[in-house]
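# Secondary and tertiary structure notes
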Amino acid sequence: METAGDQRPLRVAVLGCGSVGSQVVRLLQDQSGDLAARIGAPLELAGVAVRRLDAAREVEVPPGLLTTDASGLVARDDVDLVVEVIGGIEPARSLILSALEHGCSVVTANKALLAEDGPTLFEAAEKVGRDLYYEAAVAGAIPILRPLRESLAGDRVTRVIGIVNGTTNFILDKMDTAGSGFAEALEEAQELGYAEADPTADVEGFDAAAKAAILASLAFHSRVTAADVHREGITDVTAADMASARAMGAVVKLLAIAELRPPNEPGARRPWPCGCTPR
Ligand SMILES: NC(=O)C1=CN([C@@H]2O[C@H](COP(=O)(O)OP(=O)(O)OC[C@H]3O[C@@H](n4cnc5c(N)ncnc54)[C@H](OP(=O)(O)O)[C@@H]3O)[C@@H](O)[C@H]2O)C=CC1
Ligand SMILES: N[C@@H](CC=O)C(=O)O
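Rules used in this analysis
- Residues numbered from 1 in each chain as written.
- Chains lettered and ligands numbered in written order.
- Predicted model: local features only at pLDDT ≥ 70, side-chain atom pairs only at ≥ 80, totals over all residues.
- Pairing = 2+ DSSP bridges.
- Helix = DSSP H or I, 4+ residues; strand = E, 2+ residues; numbered from the N terminus.
- Near = placed C-beta within 6 Å.
- Nonpolar A, V, L, I, M, F, W, Y, C, P; charged D, E, K, R; others polar.
- UniProt positions renumbered as here; feature names shortened; annotations may be inferred.
- Right-handed = clockwise from strand over helix to strand, strands pointing away.
- Axes fitted to C-alpha atoms, helices over the stretch in contact; angles between N-to-C directions.
- Parallel < 35°, antiparallel > 145°, perpendicular 65-115°, else oblique.
- Contact = placed C-beta atoms within 7 Å.
- pLDDT = per-residue confidence, 0-100.

The next point concerns the sheet that holds strand S1 (residues 10-15). Read from one edge to the other, the open sheet built from six strands follows the order S3-S2-S1-S4-S5-S6, with strand pairing classed as parallel. Both outer strands of the open sheet, strand S3 (66-67) and strand S6 (132-133), are each paired with one neighbouring strand and no more.

If you want it as structure tokens, here you go:
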């Protein structure tokens, strides 16, 4: 009987080895047997691109696999799958496009990029017949994007609402339940790896806005970018606001709210252009 070990390995390049990338590398190493059995072929780490070769890492990367040449890594012909966890717009976008052009499928957690320029990436993937997956971009551990895209494809979704940013949720909770100050709670969230490289993205609501744009695009088969989303952060929330909310039996939360409006109402979106549907 043929086993996963007999199959040609699937070679994975990981771009970025920070909070998320280090755990991707760890899972690829620690769970290689289980993953091979589930996928039907062994997953092999082909390389890990970083900015600084000498930085301390949460995972031990096998010698010779760390590189600062991300563009060279995605262009190699022994790479099948690229996992982009660098973040930000560039060089992430160019690297993803290059990976697709070189015949790789791509997995990315980059909500900022997807919310700014998702269609370019979806079109590129469509053109070369490769996969582009991004489940971790919104509500990391909760499967929400694929169910919206696939399970609910035949339904009319009119509203999506939720807490989508862990950093602000952590800060608000600490301020409310432990009386922590904003700065102290933010520092703790950064230490725990919840925050973005620039935590302004979290506390000023940019991250939640990007996630709202991705959710709205999928839920409403529309094309919503982060710039379309009304955004408010939590930097002006005070202990007095917390106390007022508590007195009313409420808590303060940063929410992402996306609502479908009737087509002629101001702010209503046009349908997604042909060939650009979010996948
Ligand atoms: N943190 C989280 O909980 C979550 C994050 N995300 C998303 O995942 C992505 C990664 O986030 P996170 O892991 O927190 O980010 P980090 O800042 O912790 O890690 C970024 C990594 O990218 C590397 N890097 C930066 N620039 C380059 C470059 N030009 N070439 C090669 N490597 C580069 C860095 O290298 P070096 O280490 O050498 O500096 C680092 O290893 C982002 O898109 C983020 O929004 C999604 C869900 C959850
Ligand atoms: N910075 C983000 C990380 C996950 O998307 C958050 O706090 O939710």
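Now, onward.
Looking now at the site of ligand 1. Taken together, 26 residues surround ligand 1, and among them Gly16, Gly18, Val20, Val50 and Gly87 come closest. In terms of residue count, the dominant contributor to the shell around ligand 1 is helix H1 (residues 19-30) (three residues). Its residues assigned to classes, the shell around ligand 1 comprises 14 nonpolar, eight polar and four charged.

Sequence positions flagged by UniProt for "domain: Homoserine dehydrogenase catalytic" (unreviewed entry) are, in local numbering, residues 143-258. Between the C-alpha atoms that bound residues 143-258 the distance is 18 Å, and the span itself is 48% helix and 6% strand.

Here we come to the site of ligand 2. For ligand 2, the full set of nearby residues is Gly140, Asn165, Gly166, Thr167, Tyr194, Ala195, Glu196, Asp202 and Asp207. Tallied by class, the residues present in the shell around ligand 2 amount to two nonpolar, four polar and three charged.

Our focus in this paragraph is the pairing of strand S4 (residues 81-84). In this sheet, S4 lies alongside S1 in parallel orientation, the contact comprising four bridges. Following the sheet pairing, Val14 is matched in S4 by Val83. Pairing geometry for S4 and strand S5 (residues 105-108), over four bridges, is parallel. From the neighbouring strand, Val82 faces S5, where its bridge partner is Val106. Each parallel crossover has a hand, and for S4 linked through helix H4 (residues 92-101) to S5 it is right-handed.

Okay, the packing of H4 against helix H5 (residues 111-128) next. In the contact formed by H4 and H5, the axes pass within 9 Å of each other and the chain directions differ by 10°. Classified by the angle between their axes, H4 and H5 sit roughly parallel to one another. The segment H4 lies against H5, with Ala92, Arg93, Ile96, Leu97, Leu100 and Glu101 engaging Leu113, Asp117, Leu121, Ala124, Ala125 and Val128. Counted by class, the contact of H4 with H5 contains nine nonpolar, no polar and three charged residues.

Looking at the secondary structure, you find Ile161 in strand S7 (residues 159-162). Each C-alpha atom of the pair Ile161 and Ala256 lies 5.5 Å from the other, and the pair is 95 residues apart in sequence. Apart from residues no more than four positions distant in its own chain, Ile161 is found in contact with Leu255, Ala256 and Ile257.

Take the confidence of the model for the protein next. For the protein, per-residue confidence averages 93 on the pLDDT scale, and 94% of positions sit at 70 or higher. Here residues 271-279 is a poorly scored stretch, pLDDT under 50, and it has 20 contacts once near neighbours within four places are set aside; other chains count. In the predicted complex, the global pTM is 0.93; the interface-specific ipTM is 0.99.

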